[in-house]
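What the coordinates show
Here is how the chains run, residue by residue.
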Amino acid sequence: MISPQSIHSAEAVLEALAGTTRAGLAIETYERTAGMVGDTGIQIWHLILSLMDLCEAQGSHFDVLLQKAQRAFANDMAGKPDTQVQFLLFDLMALCKSKDIDFAEIISNVRAERPIINGDPTDA
């Protein structure tokens, strides 16, 4: 059964995160590690250059990643809850990884407690 309190709590979290961005934290971290103090636009320019260098060094394709990000942003960044939930899940997965917590095990345990997905039993 869906708990109204649970929904309210999740909505409160998404509302609280609405004013924060990972980009802000990224710029603050870049400022500290690269000593890149000053205009945000210039900091972003340098961070993008560093990300391009990182991708090239690792054999990744920055332009492909950029296109995917631009499509996702254009398609679903109107503050829709699905996007907010997706970004929060990314962050929670990263947090679990950094703390050596098994995110998949948590999901499995939650599913054991609440085996319904969008009104359909998961074993159906």
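None of these values were measured; they are calculated from a predicted model. Each chain carries its own residue numbering, running from 1 in the direction its sequence is written. The model is predicted, so local features are restricted to residues of pLDDT at least 70 and side-chain atom pairs to those at 80 or more, both for listing and for counting; the totals for chains, interfaces and linings are taken over all residues. The basis for every side-chain value is the complete set of heavy atoms in the structure, and neither hydrogens nor water enter the calculation.

1. A look at the overall build of the protein chain
A tally of regular secondary structure across the protein chain gives 6 helices and 2 strands. Numbered from the N terminus, helices here are DSSP runs of H or I no shorter than four residues, and strands are runs of E no shorter than two. The helix and strand sequence of the protein chain, counted from the amino end, reads α-α-α-α-α-α-β-β. For each residue, the accessible area found with a 1.4 Å probe, counting protein chains only, is set against the maximum for its type, and the residue is called buried under 20%, exposed over 50%, and partly exposed in between. Per-residue burial over the protein chain gives 9% buried out of 124 residues. Contacts in the protein chain between residues far apart in sequence, at least 24 positions, make up 21% of those at least 6 positions apart. The Shrake-Rupley method, run with a 1.4 Å probe, gives the accessible areas here. Residue values count only the displayed protein chains as cover. Within the structure as shown, the protein chain displays about 10100 Å² of accessible surface, and the carbon and sulfur contribution to it stands at 61%. Note on contacts: a residue pair is in contact if any heavy atoms of the two residues lie within 4.5 Å.

2. Some details on a nonpolar patch on the surface
Residues Ile44, Trp45, Ile48, Leu49, Leu51, Met52 and Leu54 make up a contiguous nonpolar surface patch of roughly 600 Å² in combined accessible area. As for its position among the elements, Ile48 is in helix α3 (residues 40–58). Like charges are joined within 9 Å and nonpolar side chains (Val, Leu, Ile, Met, Phe, Trp, Tyr) within 5 Å, but only among residues with over 30% relative accessible area and no salt bridge; these make up the patches. What counts as a salt bridge is simple: a side-chain nitrogen of Lys or Arg found within 4 Å of a carboxyl oxygen of Asp or Glu.

3. Quick word on the side chain of Gln43
For Gln43, the location among the structural elements is in helix α3. Those residues in contact with Gln43 that sit more than four places away from it in its chain are Ile27, Tyr30, Glu31, Met36, Val37 and Gly38.

4. Focus on the environment of Ala34
By secondary structure assignment, the location of Ala34 is in helix α2 (residues 22–34). Taking the C-alpha atoms as reference, Ala34 lies 9.8 Å from Ser50; in sequence the two are 16 residues apart.

5. A closer look at α2
Here α2 contains 13 residues, and its C-alpha end-to-end distance of 18 Å stays within 8% of the 18 Å for a straight helix at 1.5 Å per residue. One or two steps after α2, the chain reaches Gly35, where phi turns positive at roughly 65°. Each residue after the first adds 1.5 Å to the expected span of a helix.

6. Comments concerning the packing of α2 against α3
To obtain an axis, a line is fitted to C-alpha atoms, over the contacting stretch when the element is a helix, and the angle between two such axes runs from 0 to 180 degrees between their N-to-C directions. Look at α2 against α3: their axes get within 10 Å of each other, and the N-to-C directions meet at 80°. In terms of orientation, α2 lies roughly perpendicular with respect to α3. On α3, the residues that touch Ala26, Ile27, Tyr30 and Glu31 of α2 are Gln43, Ile44, His46, Leu47 and Ser50. For this scheme, ten residues count as nonpolar: Ala, Val, Leu, Ile, Met, Phe, Trp, Tyr, Cys and Pro. Four count as charged, namely Asp, Glu, Lys and Arg, and the remainder, Gly too, count as polar. Looking at the contact of α2 with α3 residue by residue, the class counts come to 5 nonpolar, 3 polar and 1 charged. An angle counts as roughly parallel when it lies under 35 degrees, as roughly antiparallel when it exceeds 145, as roughly perpendicular when it falls between 65 and 115, and as oblique in every other case.

7. Observations regarding the environment of Glu31
In this fold, Glu31 is placed in helix α2. Spatially, the C-alpha atoms of Glu31 and Leu47 are 9.3 Å apart, while their sequence positions differ by 16 residues. With near-sequence residues (within four places) excluded, Glu31 lies in contact with Met36, Val37 and Gln43. Side-chain polar atoms of Glu31 contact the side chain of Gln43, separated by 2.6 Å. In the analysis that follows, any N or O atom pair within 3.5 Å is treated as a polar contact, provided that within protein one partner can donate a hydrogen and the other can accept it, and provided that, for residues neighboring in sequence, both atoms belong to side chains.

8. Things to note about the confidence of the model for the protein chain
Atomic detail in the predicted coordinates should be set aside for any region of low pLDDT. pLDDT expresses how confident the predictor is about each individual residue, on a scale running from 0 to 100. In the predicted model, the protein chain carries a mean pLDDT of 78, and the fraction of residues at 70 or more is 80%. Per-element mean pLDDT across the protein chain ranges from 58 in strand β2 (residues 120–121) up to 89 in helix α6 (residues 103–113).

9. Structural notes on the environment of Cys96
Summarising the element assignment, Cys96 is placed in helix α5 (residues 81–98). For Cys96, a relative accessible area of 10% corresponds to the buried category. Measuring from C-alpha to C-alpha, the distance between Cys96 and Ile106 comes to 9.8 Å, with 10 residues separating the pair along the chain. Not counting residues up to four positions away in its chain, the partners in contact with Cys96 are Ile101, Phe103 and Ile106.

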